[in-house]
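Residues per chain, in single letters:
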Amino acid sequence: AEKAVLAFKRAGANGVIFYDKWHDGLVPHATRLTGFRTERDLVGLTIAALRKHGLKAVVYYSVGFDWNREPRFQDWVCRDPQGNPMGRCFPTDWMSFHSPYRQYVIDHLVEILKLYGPLDGLWLDIFSQPPGSRDRYTKEAFAAARGKPIERASPDELEEFNIETRRGFLLDIRK
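Summary of the structure given here. (Residues numbered from 1 in each chain as written. Predicted model: local features only at pLDDT ≥ 70, side-chain atom pairs only at ≥ 80, totals over all residues. Heavy atoms only, no water.)

It is worth spelling out the pattern of salt bridges at this point. What the rule picks out here adds up to 12 salt bridges. The shortest N-O distance in the salt bridge between Glu160 and Arg146 comes to 3.8 Å. With a gap of 14 residues between them, Glu160 in helix H6 (residues 155-174) and Arg146 in helix H5 (residues 136-146) connect regions that are remote in the sequence. Between Glu164 and Arg146 there is a salt bridge, with its nearest N and O atoms 3.5 Å apart. You can see Glu164 sitting in helix H6 and its partner Arg146 sitting in helix H5, a full 18 residues away along the chain. Look at Glu164 and you get partly exposed, because its relative accessible area is 41%. Among the charged side chains, a network of salt bridges with common partners joins Arg102, Asp172 and Lys175. (Salt bridge = Lys/Arg side-chain N within 4 Å of Asp/Glu carboxyl O. Helix = DSSP H or I, 4+ residues; strand = E, 2+ residues; numbered from the N terminus. Buried < 20%, exposed > 50% of the residue type's maximum accessible area, 1.4 Å probe, protein only.)

As structure tokens, this is what we get:
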């Protein structure tokens, strides 16, 4: 970490964006929330070096994608109408913001801030949901919010629901 930060500083950088949880779900900080983590606290080492050399520290966190293979994560995956996991072209699953994964993300962000103190920023990437996910959590949330099954939703209703979902999640993170 020390060598990398010094190289950035010599190159004229005034800060670094360092990845915490990427799309693969692997966590490179000393988390107690999952066993799917690196052996060394790479985030802590990097933030300490950044502070020592006066550079800003921004932590990147992939919110919507996760490839953690712990069984509980499979319950939180967005599903297409046929019940298949929704993901992207690289190995990852799109996670439902209506499932317990939502609290997992919030707990992770709180953990990061408690471990490393104030940061210069958080980059919350892939802060989205696929339109019309049919996982049980999203179906229940849609029915509760709209009073009808998600299968009867129009494209506009699905988009409005997704916007409301992201807005509510951001407000929860802010708290």
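Still more to cover.
On to the pairing of strand S2 (residues 56-62), then. Buried residues dominate S2, accounting for five of its seven residues. Looking at chain direction, strand S1 (residues 15-19) and S2 are connected through five bridges and run parallel. Following the sheet pairing, Tyr19 is matched in S2 by Tyr60. Where the polypeptide runs from S1 across helix H2 (residues 42-52) and back to S2, its parallel neighbour, the crossover connection is right-handed. (Pairing = 2+ DSSP bridges. Right-handed = clockwise from strand over helix to strand, strands pointing away.)

A probe matching the size of a water molecule, rolled over the atoms, marks out where space remains unfilled. Within this structure, the stated rule accounts for one cavity of 30 Å³ or more. Reported here for the largest cavity is a volume of approximately 30 Å³. Looking at the largest cavity, the residues that line it are Pro130, Gly132, Ser133, Thr138, Ile150, Leu158, Phe161 and Asn162. The dominant element in the lining of the largest cavity, judged by the number of residues it contributes, is H6, at three residues. Among the residues making up the lining of the largest cavity, the classes are represented as four nonpolar, four polar and no charged. (1 Å grid on protein atoms, 1.4 Å probe; cavity = no way out; pocket = protein on both sides within 12 Å on 5 of 7 lines; lining within 4 Å. Points joined across faces, edges and corners; volume = space filled by probe spheres on them. Nonpolar A, V, L, I, M, F, W, Y, C, P; charged D, E, K, R; others polar.)

The next point concerns the environment of Trp67. Counting through the fold element by element, Trp67 comes out in the loop between strand S3 (65-66) and helix H3 (71-75). As a C-alpha pair, Trp67 and Leu26 span 41 residues in sequence and 7.8 Å in three-dimensional space.

Within the chain, Ile126 stands out as a residue other than glycine whose phi angle is a positive 50°. Inspection of the secondary structure assignment puts Ile126 in the loop between strand S5 (121-125) and H5.

Okay, the packing of aromatic side chains next. Working definition: an aromatic ring pair is given by the centre-to-centre distance plus the angle between the planes. In total, this model carries 13 aromatic pairs according to the counting rule given. Taking the centre distance of 4.7 Å and the plane angle of 90° together, the rings of Tyr60 and Trp123 count as edge-to-face. Placement of the pair is Tyr60 in strand S2 and Trp123 in strand S5, with a sequence separation of 63 residues. Judged by its relative accessible area of 1%, Tyr60 is buried. Ring pairing ties together the aromatic residues Phe73, Trp76, Tyr101 and Tyr104, which thus form one cluster. (Phe/Tyr/Trp six-rings, centres within 6.5 Å; stacked < 30°, edge-to-face > 60°.)

Attention shifts here to a nonpolar patch on the surface. Together, Ile17, Tyr19, Trp22 and Trp123 make up an exposed nonpolar region whose accessible area comes to about 400 Å². Along the chain, Trp22 turns up in the loop between S1 and H2. (Patch = residues over 30% accessible without salt bridge, like charges linked within 9 Å, V, L, I, M, F, W, Y side chains within 5 Å. Areas by Shrake-Rupley, 256 points an atom, 1.4 Å probe, with all protein chains shown as cover.)

What follows covers the environment of Leu124. Along the chain, Leu124 turns up in strand S5. Leu124 gets classed as partly exposed once you look at its relative accessible area, which sits at 23%. Along the chain, Leu124 and Val63 lie 61 residues apart, while their C-alpha atoms are 6.1 Å from each other. Residues within four places of Leu124 in sequence aside, it is in contact with Tyr61, Val63, Leu109, Leu170 and Ile173. (Contact = heavy atoms within 4.5 Å.)

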